[in-house]
Amino acid sequence: MIDAVTVSPSDVMLGEMEIHGAVADTARYLMNNYGAPKAGFVSGRGATLIDESGREVLDFLGGIAVCSLGHCPPSVSDAIAAQAHKLIHTSNYFANLEAPKVAYLIDRLVAPSPGEEGRVFFANSGAEVNEAAIKLARRYAGPERTRVVGLKDGFHGRTMGALSATGQEGKKTAFQPLVPGFSHVEAGDTEALEAELAKGGVAAVIMEPILGEAGVIEVPAAFIASVRELCDQFGALLILDEVQTGFGRTGKWFAFQHFGVKPDVVTMAKAIASGFPVGALWARAEVAKAFLPGDHGTTFGGQPLAMAAALATITTMIDIDAPALAAERGASLARGLASTPGIASVSGKGLLLGATLKSAAAPEVAKRSLELGLIVNAIGTSVLRFAPPLVVTEFEIDRALEILKVAIS
Ligand SMILES: Cc1ncc(COP(=O)(O)O)c(C=O)c1O
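Residues numbered from 1 in each chain as written. Predicted model: local features only at pLDDT ≥ 70, side-chain atom pairs only at ≥ 80, totals over all residues. Heavy atoms only, no water.

Right, let's get into a nonpolar patch on the surface. Where nonpolar side chains cluster on the molecular surface, the patch consists of M160, F175 and V179 and spans about 260 Å² of accessible area. Summarising the element assignment, V179 is placed in the loop between helix 8 (169–172) and strand 6 (182–185). V179 sits in the partly exposed class, given a relative accessible area of 33%. (Patch = residues over 30% accessible without salt bridge, like charges linked within 9 Å, V, L, I, M, F, W, Y side chains within 5 Å. Areas by Shrake-Rupley, 256 points an atom, 1.4 Å probe, with all protein chains shown as cover. Salt bridge = Lys/Arg side-chain N within 4 Å of Asp/Glu carboxyl O. Helix = DSSP H or I, 4+ residues; strand = E, 2+ residues; numbered from the N terminus. Buried < 20%, exposed > 50% of the residue type's maximum accessible area, 1.4 Å probe, protein only.)

Relative to the helices and strands, A269 is located in the loop between strand 11 (265–268) and strand 12 (279–284). According to the relative accessible area criterion, A269 is buried, its value standing at 2%. Remark: the alpha-carbon pair of A269 and A127, spanning 142 residues in sequence, is separated by 8.9 Å.

Let us look at the sheet that holds strand 1 (residues 41–45). Sheet strands line up and pair through hydrogen bonds in the backbone, either parallel or antiparallel. Taken together, 4 strands build an open sheet; the order of strands is 1-2-3-15 and the sheet is mixed. Unpaired on one side and paired on the other, strand 1 and strand 15 (374–375) mark the two borders of the sheet. Both strand 2 (residues 48–51) and strand 3 (residues 56–59) contribute to a ladder of 3 bridges, which runs antiparallel. Across the sheet, residue T48 finds its bridge partner in strand 3, namely L58. (Pairing = 2+ DSSP bridges.)

Side-chain pairs of opposite charge can arise whenever the charged atoms involved come near each other. With the rule as written, the count across this model stands at 17 salt bridges. A salt bridge links R329 to E328; the nearest nitrogen and oxygen atoms lie 3.3 Å apart. E402 is the salt-bridge partner of R399, the closest N and O atoms lying 3.3 Å from each other. Linking R399 with E402, this pair stays in helix 15 (residues 394–408), spanning 3 residues, or about one helical turn. Residue E402 is classed as partly exposed on the basis of its relative accessible area of 45%. A network of salt bridges, in which partner residues are shared, links R228, D232, D264, R284 and E286.

Another point: the packing of aromatic side chains. Tallied over the entire structure, the rule returns 3 aromatic pairs. The interplanar angle of 75° and the centroid separation of 6.4 Å between the aromatic rings of Y93 and F94 together place this pair among those described as edge-to-face. Judged by relative accessible area, F94 falls into the exposed class, the value being 57%. An angle of 20° between the planes, with centres 6.4 Å apart, marks the rings of F254 and F256 as stacked. (Phe/Tyr/Trp six-rings, centres within 6.5 Å; stacked < 30°, edge-to-face > 60°.)

The subject of this paragraph is the nonpolar core. Counting 79 residues, the largest nonpolar core has F60, I106, M268, I272 and F386 as its most contacted members. Not counting chain neighbours up to four residues away, the residues in contact with F60 comprise L333, L374, I375, V376, R385, F386, A387, P388, V392, E396, I397 and A400. By size, the runner-up hydrophobic cluster in this structure holds 21 residues, among which are A133, L136, A137 and A165. (Core = buried A, V, L, I, M, F, W, Y, C linked by side-chain atoms within 4.5 Å. Contact = heavy atoms within 4.5 Å.)

The terminal C-alpha atoms of helix 5 (residues 98–110) lie 19 Å apart, and with 13 residues this matches the ideal 18 Å at 1.5 Å per residue to within 8%. Those residues of helix 5 not exposed but buried are E98, A99, V102, A103, L105, I106, D107, L109 and V110. (Expected span 1.5 Å × (residues − 1).)

Right, let's get into the side chain of S8. On the secondary structure map, S8 appears in the segment before helix 1 (9–15). Judged by its relative accessible area of 14%, S8 is buried. Within the structure, S8 has its side chain in polar contact with the side chain of S10 (distance 2.9 Å). (Polar contact = N/O pair within 3.5 Å; in protein donor to acceptor, adjacent residues only side chain to side chain.)

Just distances and angles here, no functional claims.
Rendered as structure tokens:
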């Protein structure tokens, strides 16, 4: 047992730190890879965040589609606190009570029909489960089929494999050479995909059902159906990256369920544990079998504390029917955005929406919105992304639309 002492060496050391507030200190001590922080927050509840000065801000980005139950949902905070007092970590040499329950629920939500069951692997982020998905597909396909095809503008994370699968050149240029064997086709270009697959050696096609990071661009339903058919024809696996779209965000548990296609592999993260770092890889049972002991792993993946957060999040989502909330509130927000002066068009599904402005002023509108008390996210010069908590109220939607109107004008 470690006893607390009144004045410890760490107090002395921290006392020597010059403290200027979250924003300034972040800029001083952390790397600059995210650029200068736009604000600093100390607490949150529902769709509201509170900054260091006590100012309330409406969060319509939801930690980038993470805080689907709002900030600090009581059921999740309680579960984390209770688990933190029981057992935080053991290692993957040992089992815990929570991980199998989370895996069971994920399996039921991804593959609700009998006979379609799969298996789950847990990691700590979206990029990591995409890495795992690529390795699993390669392991399943064998040494003759090592290529992976992704979509232009698709995003799968910043680690080297996930970055190689990403189809956004701007994020990749400085890190060449990347992992070999990746190629990309335009979303909607069935002929190009067929030509890539016909070259042979493709283990998997990886894609997002909605291109979230590229500006909430909807992939045509007919193309998604063709991808499935072509994967079957050429013996490639279909990996759907539902890191941003999963867990009810688009109005279904997973976005692929809008399209009637069945993936072989699904990756998920973000909303799965309300902000506790968790990623999950689901694969059809036959594909999942390709991972043998020692093939893959991560120290923290599936540990009790992370799994308690995921379990509380997913059970709460099921209890409140999160996809139905996303569909209903998403329809209100989309209607409001479509009738907001200065907005040319609205894309997306449920509560993952993109608003394309008539002018190339998205960064300025996002900045002004924050000053007025609303967080939205600018993608490129003309798109604003909205991913508020699925529990956002109609009142909060009206308030956000009022702020946005002022910011745009
Ligand atoms: C579709 C998609 N895949 C993967 C990632 C990477 O996830 P993470 O940032 O947790 O590594 C993201 C993150 O934005 C994403 O939107």
